[in-house]
Structure formats: structure tokens, C-alpha cells
Amino acid sequence: MKIIAWCSALLLLVGVAVALDDMDGERPVPPAGSRPFALEGATLASASSLRAFEDCGELLDYFREEATAEQVWSGFAYAIGGADAMAVAEDSRAAGATAGGSPVPAPSGLTESPQRSVAGTDEAAGFSGTNLQEIEVDEPDIVKTDGEVIVAVAGTELHVIDPTDGAPRLLGVVALPENGSSELLLTGDRVTVLTRTYGSMVHGSSRRAVDDMVMGGGQPTTILTAVDIADPSDPEVVGSRTFEGDYASARMTGTLARLVLRSSPSLGQPEPSVLEHDDVEKWAEDAIAGAPLEAWLPSGDDGPIVACDAVARPEEPAGTGTITVLTIDVASTLDPQDATAVVANAETVYASTDRLYVATTDWGSGCCMWGMPMPVEGDGGIGDAAAAPAPQELTPLTTDLHAFDTTGATTPYLGSGRVEGRLLNSFSLSEHEGTLRVATTIDSMDGSAPSESAVVTLAEEGGALVERGRLAGLGTTEQIYAVRYQGDIAYVVTFRQTDPLYTIDLSDPASPRLLGELKIPGYSAYLHPAEDGRLIGVGQDATDEGRTEGAQVSTFDVTDLASPAEEDRLSFPQSHSAVEYEHRAFLWWAAERVVVLPLETYAWDEETGEPDGQPFLGAVAVDVAADGTLSERGRVSHQDQAEPESYPMISRSLVIGGTLYTLSEVGLLASDLGTLAETGWLTLT
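Residues numbered from 1 in each chain as written. Predicted model: local features only at pLDDT ≥ 70, side-chain atom pairs only at ≥ 80, totals over all residues. Heavy atoms only, no water.

(A) The arrangement of the pairing of strand E19 (residues 398-405) in detail. Within E19, 8 of the 8 residues are buried, which leaves it mostly tucked inside the rest of the structure. Of the two faces of E19, the one lined by Thr398, Asp400, His402 and Phe404 and the one lined by Thr399, Leu401, Ala403 and Asp405 are each fully buried. As paired strands, strand E16 (residues 355-362) and E19 are joined by 8 bridges and run antiparallel to one another. The partner of Val358 across the bridge, within E19, is His402. Pairing of E19 with strand E20 (residues 413-420) involves 7 bridges; the strand directions are antiparallel. Bridge pairing in E20 places Phe404 opposite Tyr413. (Buried < 20%, exposed > 50% of the residue type's maximum accessible area, 1.4 Å probe, protein only. Helix = DSSP H or I, 4+ residues; strand = E, 2+ residues; numbered from the N terminus. Pairing = 2+ DSSP bridges.)

This is how it looks when you write it as C-alpha cells:
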């Protein structure tokens, strides 16, 4: 079976199965030497190990050379994008655009907004906020409140809600872009909606080739919408911006939001005759050689996002994808006041008050795609062992890290580094007093060596992230399931059959030191510092053999870091909680010493394999006594308010005064926080 036929078949399957993933777009070219969104004097951090581009010609040459080098699969094109970028470029020029485009003008109608921070939980103010990784760094979420109004996304609408007296009342609705998912930032009377639109494409994950290969049609776009809610009963859209590129994430300190976009080249699609005659490789060579710069870089509504001299690359090539960081003061305009880009790819975003980090794991190249062996030409077709060559030796996974400075009004690129292993999520990263701490699981794609985990410290030196110290050998044969940093201490959970909770001293970054460990059945997938000397964990209970049995909440006494101890656990058989993979779904309300988390329970008869009773989809409230003892306060569900045969899942919880509000895709339920008795309901969709 010809490889091109196999790829075409895979393309069709992937297009159906993963239609809501990354895409790419056409890109107007920035003029040489220009910085459309930069403040005067803002430049890339200069260091000997950084590689900035002097002009657009050098940048274009780099893209073409790297793209040519990345054609690692014989007979298959490196890039099959959406609409033909070269044709779009011609259209844009015909419309009067110059080769460099023009700076994007600020949208009209935006005015200054009152400043009031609503990041995190503010118990003194009597309401909860988004559960944040870093208290002073706000994160977008699907629901926000300032204690006076609630703003929430449901479907493709923004809902402004009056929560007074535990009886939620709809004040206003704003239509949001269709065919996408949205998150919110709230600053004073300004709601900023970040929408990721979808199409029919998928990216792989290899830094060298797969990450930059785009299959299928459609282009990813990120849409920002500014909504003024000074009059909550009449919310007004006062600005909108559209950027090419896939919305990875955003972080906000004060009113400055850093928006991270990821994009890949858009080189068009070969004609069917090219595919039919196996001429894809030649087509790709011609497409790469002929693609202008606008095919490689993202743009905005009316022009380029980033100028050529604001683009840098790590010392070692990291593909032809682009990470673009836009700095936007969401309290005034949606017009970015700075744009910085790195020729690399983005998976994980983390920010402290001083730094923004974007990380990407290299999942290996030349071997596999989504865990599937690459077929070769032969009589046996896919899976023909006789036709397949001997497997190549795979190097251990590595993760690239890119650092940006967030201490000022711009976000310059500082440098890059690399660590062995892969990240779990953003909680694997922490910046503290100038040191980046990284927790990784070290293994390889083929599983030829037992896995282990490590915590590595890095510092900025000469424009690079340089290792200062490491603690390795954690959880041999296991992988990381949870990480939490608290000052100079790291808590790391690994799991295979039992759950070792490691306590690690990072006070000397050059010599991370293991203090203690606790082994118990099951694992925690999320750790939350509840108070001095106590952690709350959410994860899965498990047998001694490692078989998971259902969601559990645990409390840990870590007052003696050399001897951490489990205080109590509360299990929910045959269930799971979204908190295991979504930290924003977790609520800890210390004033009432109560945890609230989504819970989904499905009971099955093991003999018949059939459902046993009705599933529960809702949220559970768990009391945490002063000694760490856990007990269930009660549960809430939206099933009674939903249509028959509908199973709405609660995604978020928040507290205002003495009322617990829970949000699902169908509505907002108000319950008395003490008794969980319903006090009000608002249908949203």
C-alpha cells in the first residue's frame, strides 16, 4: 500500500475524529524593521545565545530552510494547510496592501474602565473567584464574579446575571462568535471574551516535523471581544479583534493580559492530481520555496501581528511553528501594545508575576504519530511486519522552555532552555525568586527504559535557561500525577500502584533535597494548600494493585515535611471528578471549611456489564474539620432542571455571601451554602 494512500485515509479519519483541534491561517507580511504593536524602545532581550532576525529576508530564509529539513516522511508533504496562502497573498496585494501590510489601528469605542481586581478568591469581600495557580496572576475562565454580578459563558452567549439574595436573575445577553469556545477576563466594568474558533485540522506533537504539519482545511482564529457592563442590564460590545493563530492560553497581572497564540505555516493544498501521481514531495518543495513571508507568520484584522525584528528563535531549531505573545491592557483597548514571537511551538503556558513561560514536549520524530507506526511501501499494507524496517532507537522525551519578561508594559523574549522528560501540566512549572522549577516524568516513546521523575531548577544566564540543580530518581516505573509548589517546597505525586507523595526542599536551587515521602493506595491528581501544614488532594482511590475505584478527596498533614501523613480520605465509588484535569473546577471556601467539586458517578453491574441505577452528575460539598477529618455535607445537581434524557455536568462552583452557585451548560443553580437547599434557578440555554 502506498504511503500517500495511507496518509490520505488517515487524513479523512482524523478530520472526522479531531475536527475541533488546531488550524492555520493566511498571514500578511510585516514590513522590515517595523514593530506594529511595540512601545517605543521595546526590543528583544539581547544575549549571545539568542537568535533575533535582522530583517524579513533572513527570517523568510530561515523558515524555508527549516521547512525543507523537516520533510522526514518520504512521499508525504511537510505541510498541507487550509486555503492557499499564496493566492491569499495575491488577493491582499490586489486590495491595496503593501508587501509589509500596515499596523492594525485601534478599534473605536473603547474607553478607560474602573480598576478593580477580582483575581482569585477574596473571602474578605465575601465572594470566591477563579481557583488560580498563582494568587496574583489571573486566568481566564468560563465564569467570573465581582460579588455584585456574575458573568458566565453558556453555549455561544455571554450572560450577565444578578445574584442578589440567592435568586439569580438574567440582566443581559451578548452573542459570542459561533463555532468556538470562549473564556472570560473581568476587570472593573470590562469583560474581555477570548474565543478560540475551530475547523477541521489536527497538529501532531513532534518538534521536528509533526508539530508543523497541518492536515485538512480551515484556519484557526482567536477573537477578542470587549463588553462594557457598567449598566449590567444593557451590556454593550465596545470592541472586537481577530487574530490568526490558535489560542493557547492567557494570563493577566493587573490589567495587562498576555495572550499566547500558536500558529503553523499555511502552504496551501496540493491538487488531487498531485496526490494521485505521488508528486506530493515535489509539490511541497515548490510550495516551500515559493511561499512568501505572510504564509509563515500570523496577522490580525488589518495587518501583521508581529514585525520581523520582534521574532527570535532558540539556539537550536525548534520547528517552523510560531509562538506569539500579545500584551493587551484589557481595561482600555484590545489593541496590543506589544507583540513578541519565537519560532517554536506551544503546549503549556505558565506565568508568575514576573515571568511567562511557554513549554513544548518533543515527542520524538520519524517513528510514530498518535501512537501509530508509520507504514512503509510493501505488499502487506498497514501493519505488515515483514515490510517494516527495524524500529529506530528513540531518544528520551525532552521539553523546550521559552521565557518572557512580564515585569513591564511589554513582554520581551528572554531565552530558552531544555529539560529531560515531559510535563504533566502548568503546575509542573513554578518561578520563585528568579529560579524556574520544573517537574518532569522521564521516559521514552517506546518504553524501553523504566520511567522516573525529577525536579530541575533553572536560572537565566546569558540569554538562556541554564540548569542549576536537580533531584532525580523519584517514582521509578511511575509517572507524575500532581505537582504543587509552595514557597521553597515542592509536593510531587507519582503513581503506578501506590501514591508516593514526595516533599522536596528547593530553598537551595543548586541542591534540591528530598525531605520525605508517603506511600498510600490511589493518587491525587490535584493538590491544594488549604492552610499552613495541610494539603487537600483530589484524585482516585485504588486497590493495592493500582486499579482505580472512584474519586476521592484526601487531607495530608505536612507540618513535618520529613514525615508527611494522610489525615483522612473520603471516597466516591465508580466516579470521577473534573478537578483531576481542570483545577478551575475546584473550590475551597476556607470561611466554611468546605470543598466543592464536580462529581460524575456511573454504577455498573460487574457481572452483566450493564448500568446499575441512575448516574449522578452534579457537585459534592465536603466538610474539612480542623483536624483534617472529611465528611460529605451534601450534593447538588442540575438534572431536575434539565430536559428529559439530558445529563448536564456541573463545571464550576462559586460562593457569594451565604450562597453556593453552580454552573452547567444548561443553567445556574443557587443553593444555601449551609444546607445546599435550592434557593433559585436560572436557565441559560
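Still to come is the rest of the account.
(B) Quick look at a negative patch on the surface. There is a patch of like negative charges on the surface, built from Glu54, Asp55, Glu58, Asp61 and Glu65. Inspection of the secondary structure puts Asp61 in helix H2 (residues 56-69). Residue classification places Asp61 among the partly exposed residues on the basis of a relative accessible area of 41%. (Patch = residues over 30% accessible without salt bridge, like charges linked within 9 Å, V, L, I, M, F, W, Y side chains within 5 Å. Areas by Shrake-Rupley, 256 points an atom, 1.4 Å probe, with all protein chains shown as cover. Salt bridge = Lys/Arg side-chain N within 4 Å of Asp/Glu carboxyl O. Lys, Arg positive; Asp, Glu negative; His and termini not counted. Charge placed at Lys NZ, Arg CZ, Asp CG, Glu CD.)

(C) Representation of the sheet that holds strand E11 (residues 256-263) in the model. One open sheet holds the 6 strands; their spatial order is E1-E12-E14-E13-E11-E10, and the pairing between them is mixed. Single-partner strands in this sheet number two, and they are strand E1 (51-52) and strand E10 (246-253).

(D) Spatial organisation of the nonpolar core. Judged by nonpolar contacts, the single largest core of 41 residues is most densely connected at Leu59, Leu259, Leu293, Trp296, Val311 and Leu326. Of all elements in the fold, only H2, strand E8 (221-228), strand E9 (236-244), E10, E11, helix H5 (280-290), strand E13 (322-329) and strand E14 (338-342) reach the threshold of two or more residues within this core. With 21 residues, the next largest nonpolar core counts Ile536, Val538, Trp588 and Val622 among its residues. (Core = buried A, V, L, I, M, F, W, Y, C linked by side-chain atoms within 4.5 Å.)

(E) How the structure looks around the pattern of salt bridges. Taken as a whole and judged by the stated rule, the model has 26 salt bridges. In this structure, Asp400 engages Arg418 in a salt bridge whose closest nitrogen and oxygen atoms are separated by 2.6 Å. Taken together, the residues span a long stretch of sequence, with Asp400 in strand E19 and Arg418 in strand E20 at a distance of 18 residues. Between Glu531 and Arg534 there is a salt bridge, with the nearest N and O atoms lying 2.2 Å from each other. The partly exposed category is assigned to Glu531, whose relative accessible area is 28%.

(F) The arrangement of the state of the cysteines in detail. Taken as a whole and judged by the stated rule, the model has 1 disulfide. One disulfide in the model links Cys56 with Cys308; its S-S distance is 2.0 Å. Disulfide Cys56-Cys308: the torsion about the S-S bond is 95°, which places it as right-handed. Here Cys56, found in helix H2, pairs with Cys308, found in the loop between H5 and strand E12 (311-313); they are 252 residues apart in sequence, far enough to count as distant. The residues Cys56 and Cys308 share a single accessibility class, namely buried. (Disulfide = S-S within 2.5 Å.)

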